[in-house]
Amino acid sequence: ADMEKTGRDYIARISIDGIIVNDPERLEKLDAIAENPRIKAVIMDLDTPGGTVVGGELLYKKIKDLAAQKPVVAVMGDMATSAGYLVAIASNRIYAQHGTLTGSIGVLLQSADVTELSKKVGVQMQLIKSAPLKGTPSIFETLTPEAHQSLQDVV
């Protein structure tokens, strides 16, 4: 902000850290960066494990649009995984440290099957669903082949 008062061109530096969520205020700030003719490039520091699907998607689109107008460089810190990695690939160039933990955009969905354990301890789960795949996966029911394929398609 101080550089804006000097009237000189500059490179903006933004930080994306912590859990990424839908943040309209951050998106507005990115619009202001895109519209500011004195900002000639952007350095985006990333240190995030990712976040919500919508938050990551909106930030990805905003960074992608910004990178189409001026150079955006992503600099990964300790971690840029999941939605953090998604945001990084929207930039024009990515730099990572040797020890940066990164990758994994929507590649994993985990669940457990405790149906046998439930039988042993005498617990019976009652599931009421509006459709066969609702609430899938659930630890209280064995995954059907149809449910498995549906989840695989999503991942």
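Per chain, the residues get numbers from 1 upward, laid out in the order the sequence is written. Whole-chain, interface and lining totals are the exception, using all residues; otherwise, since this is a predicted model, local features are given only for residues with pLDDT of at least 70 and side-chain atom pairs are given and counted only at 80 or more. To get the side-chain values, take all heavy atoms of the structure and skip hydrogens and water.

Draft legend 1. Structural view of the pairing of strand 3 (residues 72–81). Only strands joined by at least two bridges in the DSSP assignment are considered to pair. Only DSSP runs of H or I covering at least 4 residues are called helices, and only runs of E covering at least 2 are called strands; the numbering of each starts at the N terminus. Here six bridges tie strand 2 (residues 39–51) to strand 3, and the two strands are oriented parallel to one another. Its bridge partner being in strand 3, Thr 48 is matched across the sheet by Ala 80. Taking the sense of rotation as the criterion, the β-α-β connection linking strand 2, helix 3 (residues 53–69) and strand 3 turns out right-handed. By the bridge criterion, three bridges tie strand 3 to strand 4 (residues 93–95) in an arrangement that is parallel. Each bridged residue has a counterpart across the sheet, and for Val 75 the counterpart in strand 4 is Tyr 95. With strands facing away from the observer, any crossover in which the path from the first strand over the helix to the second runs clockwise is taken as right-handed.

Draft legend 2. Layout of empty space enclosed by the protein. A 1.4 Å probe that fits into a set of points on a 1 Å grid over the protein atoms alone but cannot get out defines a cavity; an open set with protein on both sides within 12 Å along at least five of seven lines defines a pocket, and lining residues are those with an atom within 4 Å of a point. Grid points are joined across faces, edges and corners, and a volume is the space filled by probe spheres set on the points. For the coordinates displayed, the defined rule picks out one cavity of 30 Å³ or more. Space inside the largest cavity adds up to approximately 40 Å³. Every residue lining the largest cavity is listed: Val 21, Asn 22, Asp 23, Arg 26, Leu 27, Gly 55, Leu 58 and Leu 59. The set of elements that each furnish at least two residues to the lining of the largest cavity consists of helix 2 (24–35) and helix 3. Per-element accounting of the lining of the largest cavity gives the leading share, three residues, to helix 3. Its residues placed into classes, the lining of the largest cavity shows four nonpolar, two polar and two charged. Residue type decides the class: Asp, Glu, Lys and Arg count as charged, Ala, Val, Leu, Ile, Met, Phe, Trp, Tyr, Cys and Pro as nonpolar, and the leftover types, Gly among them, as polar.

Draft legend 3. Focus on the confidence of the model for the protein chain. Each residue gets a pLDDT score, which is the predictor's confidence in that residue and runs from 0 to 100. Of all residues in the protein chain, 92% attain a pLDDT of 70 or more, and the chain-wide mean is 89. Highest mean pLDDT in the protein chain belongs to strand 4 (98); lowest belongs to helix 1 (residues 2–6) (57).

Draft legend 4. Up close: the side chain of Thr 100. Along the polypeptide, Thr 100 turns up in the loop between strand 4 and strand 5 (101–103). Here Thr 100 falls in the buried class, since its relative accessible area comes to 13%. Throughout this description, a polar contact denotes any pair of N or O atoms lying within 3.5 Å of each other; where both atoms belong to protein, one of them has to be capable of donating a hydrogen while the other can accept it, and for residues adjacent in sequence the pair is counted only when both atoms sit in side chains. Only 2.7 Å separates the side chain of Thr 100 from the backbone oxygen of Gly 77, close enough to count as a polar contact. At 2.9 Å, the side chain of Thr 100 forms a polar contact with the backbone nitrogen of Gln 97. Only heavy atoms enter the contact rule, under which two residues are in contact if any of them lie within 4.5 Å. What Thr 100 contacts, discounting residues up to four positions off in sequence, is Met 76, Gly 77, Asp 78, Met 79 and Ala 80. Each residue gets one of three labels from its accessible area relative to the maximum for its type: buried under 20%, exposed over 50%, partly exposed in between, using a 1.4 Å probe on protein chains only.

Draft legend 5. Examining a nonpolar patch on the surface more closely. The grouping of Met 125, Leu 127, Ile 139 and Phe 140 at the surface amounts to a nonpolar patch, some 310 Å² of accessible area in total. With respect to the helices and strands, the residue Met 125 is situated in the loop between helix 5 (115–121) and helix 6 (145–154). For patch detection, residues must exceed 30% relative accessible area and be free of salt bridges, and they are connected within 9 Å for like charges or within 5 Å for nonpolar side chains (Val, Leu, Ile, Met, Phe, Trp, Tyr). Only the protein chains shown count as covering a residue, and every accessible area follows the Shrake-Rupley method with a 1.4 Å probe. One side-chain nitrogen of Lys or Arg within 4 Å of one carboxyl oxygen of Asp or Glu is enough to make a salt bridge.

Draft legend 6. The pairing of strand 2, seen in detail. Summarising the sheet, strand 1 (residues 10–20) and strand 2 pair through ten bridges and their orientation is parallel. When the sheet's bridge partners are listed, Ile 20 is paired in strand 2 with Gly 51. Read as a crossover between parallel neighbours, the route from strand 1 over helix 2 to strand 2 is right-handed.

Draft legend 7. Geometry of the pattern of salt bridges. Going through the model one piece at a time under the given rule, you end up with six salt bridges. Between Lys 40 and Asp 9 there is a salt bridge; the shortest N-O distance is 4.0 Å. Within this pair, whereas Lys 40 is found in strand 2, its partner Asp 9 is found in the loop between helix 1 and strand 1, the two being separated by 31 residues in sequence. Between Lys 62 and Asp 31 there is a salt bridge; the shortest N-O distance is 2.8 Å. Of this pair, Lys 62 sits in helix 3 while Asp 31 sits in helix 2, and the two are 31 residues apart along the sequence. When its relative accessible area of 29% is taken as the criterion, Asp 31 is described as partly exposed.

Draft legend 8. Broad picture of the nonpolar core. Note on terminology: a nonpolar core comprises buried Ala, Val, Leu, Ile, Met, Phe, Trp, Tyr and Cys residues joined through side-chain atoms within 4.5 Å. One finds Val 42, Met 44, Leu 46, Leu 59 and Ile 63 to be the most contacted residues of the largest nonpolar core, which totals 25 residues. Counting residues per element, this core draws most heavily on strand 1, which supplies five residues. Setting aside chain neighbours within four positions, we find Met 44 in contact with Ile 14, Ile 16, Ile 63, Val 72, Val 73, Ala 74, Val 75, Val 87, Ala 88 and Ser 91.

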